[in-house]
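# Breakdown of the fold
Here are the chains, one letter per residue:
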Amino acid sequence: MDGTVDTRYWRFCAWMGPLFVLVFFVCWGLLGHNFPPFTPDTPASVVAAYFRENAGSVRLGMVVAMTFAPAYGVWGYSIAKVLEQVIDKDNILVQLARVGAAWTTITVLVPTSFWLTAAFRPEALPDWMIQMLYDMAWLLIDLAYAVTSVQLFALGIGFLADKRKVPLVPKWLAWYGIWVGFMFILECVMPYFRNGALARSGVLNFWIEFLIWMVWVPLLTVYAIKAIGRIERGE
Amino acid sequence: MTTLAANAPHLSASPAELPGDSGVWFFIVADMCAFAVFFLVFMVGRAADPALYEASRQMLDLRFGLANTLILLTSGALMAQAARDARRGAFQRARQMMIAALIAGLPFGLSKALEWQAKFAHGLTLTTNEFFTYYFVFTGIHFLHFAIGLVVLIMLQKVAVDDRMPTATRLRWIEAGGAYWHMVDLLWIVLFAMLYLLRAA
């Protein structure tokens, strides 16, 4: 052992984060009519008609989104490797950052399969059932926020412990992650509303909640890539 | 002893620097931006249906709002004194002031619980109408900030007298905690004015 850190594949894995966000946005978001979603008070006939008329594109979107869902976990593990250079690798925060990323992958995979089920044979399903699958997927993906918060808090608190004069991840970004994890709590009231700012399609519970998370991933990636270079230089 | 008056000149922040920790300030600004969006959403809703908002506003008990404002302002003033004490190196006194700020702030929780209980007793809930949706959600999230602030105060009063920690670090965290606690005050003042005082029609 020469004391150097083996950073092979770290960068590749780190780039999986922005790739995930891009694929998720296009496939789950645009092809699946989830960005923005149908408002909860949209009639079941409208949701069902969309799935019947666009079954092919929704299937394609969900299949690709499911294929790339593990990219989030891969990214999360690479960020956890960077965190190991800030705090001891046995520190529980490193494990929580990893498991938070892995759990988030599951909470993307499972609801995506519900949307895919709705698009599998929509001509044979009643309107209400397609609406139920659509609702169920949204309730799961939104209310599973807490597993991602585990990752956000663990990374935020961990990176704040950096004693370097110039930290590998700036303090503002560590705090931003903590803030995002904290903001997710708004999702708790989502099931109570079928329209308005707090509904799943509303300005607070969709536009702000999803965007602040989707911005966090590439931002943290940029600093992680820089950090990997610094780790290789022994900083 | 934690009184370090001799170090006081070293503890004074440069006028060009923010007191406390820059990262915490980022959190505070981000949080205030989120609340600014909350306020904007509320005002848009209010402009669309002023009669409903005004009728709902009149169902709030102004006494609770006023009491909460006074409680938080008193607690905030004590916290400001704690930061001043810490800046001049009097960490033991800063600790006492933080404990006083904590005790002065606690009735806010009681008052909030009583106020919400009264609303529930009158059948007013999260889904009664748009005004009460925002009332419960915004004051609920604010309450969460308050609860976190109490935990921060409990931790900081220990930090203040932790001789193993450099004085500059202790001051930084006390000032950062103070900035957060003042944000809790400030957000409440805006919530109080917006929910309880502002006539919509």
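Bear in mind the structure is a predicted one, so any value in this text is a computation, not a measurement.

Attention now moves to the overall build of chain B. When you go through chain B residue by residue, the secondary structure sums to 7 helices and 0 strands. The principal-axis extents of the C-alpha atoms in chain B amount to approximately 60 × 30 × 20 Å. Evaluated residue by residue, chain B yields a buried proportion of 49% over its 201 residues. Partitioning the intrachain contacts of chain B with sequence separation of at least 6 by distance along the chain shows that 82% fall at a separation of at least 24. A total of about 9200 Å² of accessible surface is found on chain B, and carbon and sulfur atoms cover 70% of it. For chain B, the distance from the average site of its 15 positive side-chain charges to the average site of its 13 negative ones is 7 Å.

Another aspect to go through is the nonpolar core. Formed by 136 residues in total, the largest nonpolar core has its most connected members in Trp28, Phe51, Phe159, Trp213 and Trp216 of chain A. Looking at this core, the element that brings in the most residues is helix 7 (residues 167–197) of chain B, giving 15 residues. Once residues within four sequence positions are removed from consideration, Trp213 of chain A is found in contact with Phe20, Phe24, Tyr72, Thr104, Thr148, Val180 and Phe184 of chain A.

Residue and element names in this part refer to chain A. Cis rather than trans, the peptide bond between Phe35 and Pro36 has omega equal to 0°. By secondary structure assignment, the location of Pro36 is in the loop between helix 1 (10–31) and helix 2 (44–53). Despite not being glycine, Tyr9 has its phi angle at roughly 75°, a positive value.

What follows covers the pattern of salt bridges. Residues and elements named next belong to chain B. Applying the stated rule across the entire model yields 19 salt bridges over all chains. In this structure, the salt-bridge partner of Arg57 is Glu54, at a minimum N-O distance of 2.9 Å. Residue Arg57 and its partner Glu54 are located together in helix 3 (residues 50–57), separated by 3 residues, close to a single helical turn. The residue Arg63 makes a salt bridge to Asp61 at a minimum N-O spacing of 2.9 Å. Exposure remark for Arg63: the relative accessible area of 66% places this residue in the exposed category.

Residues and elements named next belong to chain A. Taking 1.5 Å of rise per residue, the 16 residues of helix 6 (residues 145–160) would be expected to cover 22 Å, and the 22 Å separating its terminal C-alpha atoms lies within 8% of that figure. Among the residues of helix 6, those classed as buried are Tyr145, Val147, Thr148, Ser149, Gln151, Leu152, Ala154, Leu155, Gly156, Gly158 and Phe159. Where the residues of helix 6 are buried, they touch helix 3 (55–83), helix 4 (92–120), helix 5 (127–143), helix 7 (171–183) and helix 8 (203–232).

Contact residues are listed per partner, giving 23 residues for chain B and 18 residues for chain A. Both sides together, the interface formed by chain B and chain A hides about 1700 Å², and carbon and sulfur atoms give 88% of it. When residues of chain B are sorted by the area they lose upon contact with chain A, Phe26, Phe27 and Leu126 of chain B head the list and together hold 27% of the total. Between the two partners, chain B and chain A, sit 1 salt bridge. Residue Lys171 of chain A is joined to Asp21 of chain B by a salt bridge in which the shortest nitrogen-to-oxygen separation is 3.1 Å. Run the count over chain B and chain A and you get 2 residue pairs in polar contact (both at pLDDT 80 or more). With 10 residues, helix 2 (residues 22–48) of chain B is the largest single contributor of residues to the side of chain B that touches chain A. Residue classes in the side of chain B that touches chain A are distributed as 16 nonpolar, 4 polar and 3 charged.

This part is about the packing of helix 8 of chain A against helix 2 of chain B. Remark: helix 8 of chain A packs on helix 2 of chain B, axes separated minimally by 12 Å, with the N-to-C direction vectors making an angle of 150°. Taken as axis vectors, helix 8 of chain A and helix 2 of chain B run roughly antiparallel relative to one another. You can see that helix 8 of chain A and helix 2 of chain B cross each other, and the crossing is right-handed. Contact residues: helix 8 of chain A offers Val203, Leu204 and Ile208 of chain A, while helix 2 of chain B offers Val37, Phe38 and Val41 of chain B. Class assignment of the residues belonging to the contact of helix 8 of chain A with helix 2 of chain B gives a composition of 6 nonpolar, no polar and no charged.

What counts, and where the lines are drawn
Residues numbered from 1 in each chain as written. Chains lettered and ligands numbered in written order. Predicted model: local features only at pLDDT ≥ 70, side-chain atom pairs only at ≥ 80, totals over all residues. Heavy atoms only, no water. Helix = DSSP H or I, 4+ residues; strand = E, 2+ residues; numbered from the N terminus. Buried < 20%, exposed > 50% of the residue type's maximum accessible area, 1.4 Å probe, protein only. Contact = heavy atoms within 4.5 Å. Areas by Shrake-Rupley, 256 points an atom, 1.4 Å probe, with all protein chains shown as cover. Lys, Arg positive; Asp, Glu negative; His and termini not counted. Charge placed at Lys NZ, Arg CZ, Asp CG, Glu CD. Core = buried A, V, L, I, M, F, W, Y, C linked by side-chain atoms within 4.5 Å. Salt bridge = Lys/Arg side-chain N within 4 Å of Asp/Glu carboxyl O. Expected span 1.5 Å × (residues − 1). Buried area = accessible area lost by both parts, 1.4 Å probe. Polar contact = N/O pair within 3.5 Å; in protein donor to acceptor, adjacent residues only side chain to side chain. Nonpolar A, V, L, I, M, F, W, Y, C, P; charged D, E, K, R; others polar. Axes fitted to C-alpha atoms, helices over the stretch in contact; angles between N-to-C directions. Parallel < 35°, antiparallel > 145°, perpendicular 65-115°, else oblique. Left-handed = near helix turned anticlockwise from the far one by under 90°.

Keep in mind these numbers describe shape, not what the thing actually does.
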